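Coordinate analysis (summary)
Each chain, written out:
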Amino acid sequence: MPKTPLRAAAALGGTADDIEAAFYEALQRGDIDALMACWADEDEVFCVHPGGPRLVGATAIRAAFEQMFGNGAIHATPARVRKIESLASAVHNVLERIEVLTAEGPKHAFVLATNVYHKTVEGWRLVAHHASPGSAREPSDSNDTPQTLH
């Protein structure tokens, strides 16, 4: 992926939170260049859209988002975020609130997404985005300890 001024701009701020904010802003604007500037320049970056296949590499990820943006911007905003962070990586589990246009007007749906960030020589970058199928109701958190590990 060629280096662009947008990629340099995405490095400003210096945190995984900054890249996450830039990612969701790019979704809301339908700005493919700004969105791709959030991704690491690595061959193994991956993305899974709700119900979709695993997309590996920047070319496949870009093509999928370009197709999605063909229908307009994606009105997704992070509603709740849970984070696990270390010196060189961060995992954000995000409850995304999505605005969907229906025949009855705008409705909201909810998607659970996991965003993984690595600190690279270019600054913090997204290396994985995995989103669940959406639901009409906001899911609640469960803090119960699972009985079975898998």
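Whatever comes next refers back to the structure up there.
Quick look at the structure, then. These numbers were taken from a predicted model, which means no experiment stands behind them.

1. Describing the overall build of the protein chain
Within the protein chain one finds four helices and six strands. Listed N to C, the secondary structure of the protein chain is α-α-α-β-β-α-β-β-β-β in terms of helices and strands. By residue count, 34% of the 150 residues in the protein chain fall in the buried class. Per element, the accessible surface of the protein chain, about 9000 Å² overall, is 55% carbon and sulfur.

2. Structural notes on the pairing of strand 6 (residues 123-131)
The element strand 6 is extensively covered by neighbouring structure, given that eight of its nine residues are classed as buried. Bridge count for strand 1 (residues 46-48) against strand 6 is three bridges, and the pairing is parallel. When the bridges of strand 6 are listed, V48 appears paired with H130. Linkage of strand 5 (residues 105-120) to strand 6, two consecutive antiparallel strands, is achieved through a turn of two residues.

3. What about the sheet that holds strand 2 (residues 54-56)?
Across the sheet, six strands lie side by side as 2-1-6-5-4-3; this open sheet has mixed pairing. Two strands close off the open sheet at either side, each with one partner strand: strand 2 and strand 3 (76-85). Neighbour-to-neighbour, the strand axes of this sheet turn through a mean angle of 25 degrees, independent of strand direction. Sheet topology places strand 5 next to strand 6; eight bridges connect them, and they run antiparallel. Its bridge partner lying in strand 6, K119 is registered against W124. Each of strand 3, strand 4 (89-102), strand 5 and strand 6 touches helix 2 (residues 16-29); the most contacted strand, strand 3, lies at about 160 degrees to it. Taken strand by strand, helix 4 (residues 58-69) contacts strand 1 and strand 2, and its axis lies near 125 degrees from that of strand 2.

4. Thoughts on the nonpolar core
Where a protein is soluble and globular, its nonpolar side chains tend to be buried together. F23, L27, L35, W39, I61 and F65 are the most contacted members of the largest nonpolar core, which totals 33 residues. Among the secondary structure elements, those contributing two or more residues to this core are helix 2, helix 3 (32-36), helix 4, strand 4, strand 5 and strand 6. For this core, the element with the highest residue contribution is helix 2, accounting for six residues. Apart from residues no more than four positions distant in its own chain, F23 is found in contact with L35, C38, W39, F65, L126 and H129.

5. Re the pattern of salt bridges
Across all of its chains, the model carries five salt bridges by this definition. Across the pair D31 and R29 runs a salt bridge whose closest N-O atoms are separated by 3.3 Å. Taken together, the salt bridges that share partners define one network made up of D33, R62 and E66.

6. A short note on the packing of aromatic side chains
Summed over all chains, the structure comprises three aromatic pairs. Seen in terms of ring centroids, F23 and F65 are 6.3 Å apart; in terms of plane orientation they differ by 90 degrees. Their pairing is edge-to-face. Here F23 is found in helix 2, whereas its partner F65 is found in helix 4, with 42 residues between them in sequence. Between F65 and F69, the ring centres sit 6.1 Å apart and the planes meet at 40 degrees, which makes this aromatic pair tilted. Of the two residues, F65 and F69 are both situated in helix 4; the distance of four residues between them amounts to about one turn of the helix.

7. Considering the environment of I98
Structurally, the position occupied by I98 is in strand 4. Along the chain, I98 and A136 lie 38 residues apart, while their C-alpha atoms are 9.8 Å from each other. Those residues within four positions of I98 in sequence are excluded, and the remaining contacts are H75, A76, K107, H108, A109 and V111.

Calculation criteria
Residue numbers run consecutively from 1 along every chain, following the written order of its sequence. Owing to the predicted nature of the model, reporting of local features is limited to residues with pLDDT of at least 70; listing and counting of side-chain atom pairs is limited to 80 or more, with chain, interface and lining totals taken over all residues. As a convention, hydrogens and water are excluded, and side-chain values are obtained from all of the structure's heavy atoms. Where helices and strands are cited, they refer to DSSP runs of H or I of at least four residues and of E of at least two residues respectively, numbered from the N terminus. Residue exposure (1.4 Å probe, protein chains only): buried if accessible area is under 20% of the type maximum, exposed if over 50%, otherwise partly exposed. For the accessible areas, the method is Shrake-Rupley and the probe is 1.4 Å, while residue cover comes only from the protein chains on display. Here, a strand pair is defined by DSSP locating no fewer than two bridges between the strands. Interaxial angles span 0 to 180 degrees and are taken between N-to-C directions of axes, which are lines fitted to C-alpha atoms, for helices over the stretch in contact. Whether two residues touch is decided by their heavy atoms; if any such pair falls within 4.5 Å, the residues are in contact. Residues belong to one nonpolar core when they are buried, are Ala, Val, Leu, Ile, Met, Phe, Trp, Tyr or Cys, and are joined through side-chain atoms within 4.5 Å. Salt bridge, as applied in this entry: a Lys or Arg side-chain nitrogen positioned within 4 Å of an Asp or Glu carboxyl oxygen. Aromatic pairing here means that ring centres of Phe, Tyr or Trp (its six-membered ring) are within 6.5 Å. Orientation follows from the plane angle: under 30 degrees is stacked, over 60 is edge-to-face, and everything else is tilted.

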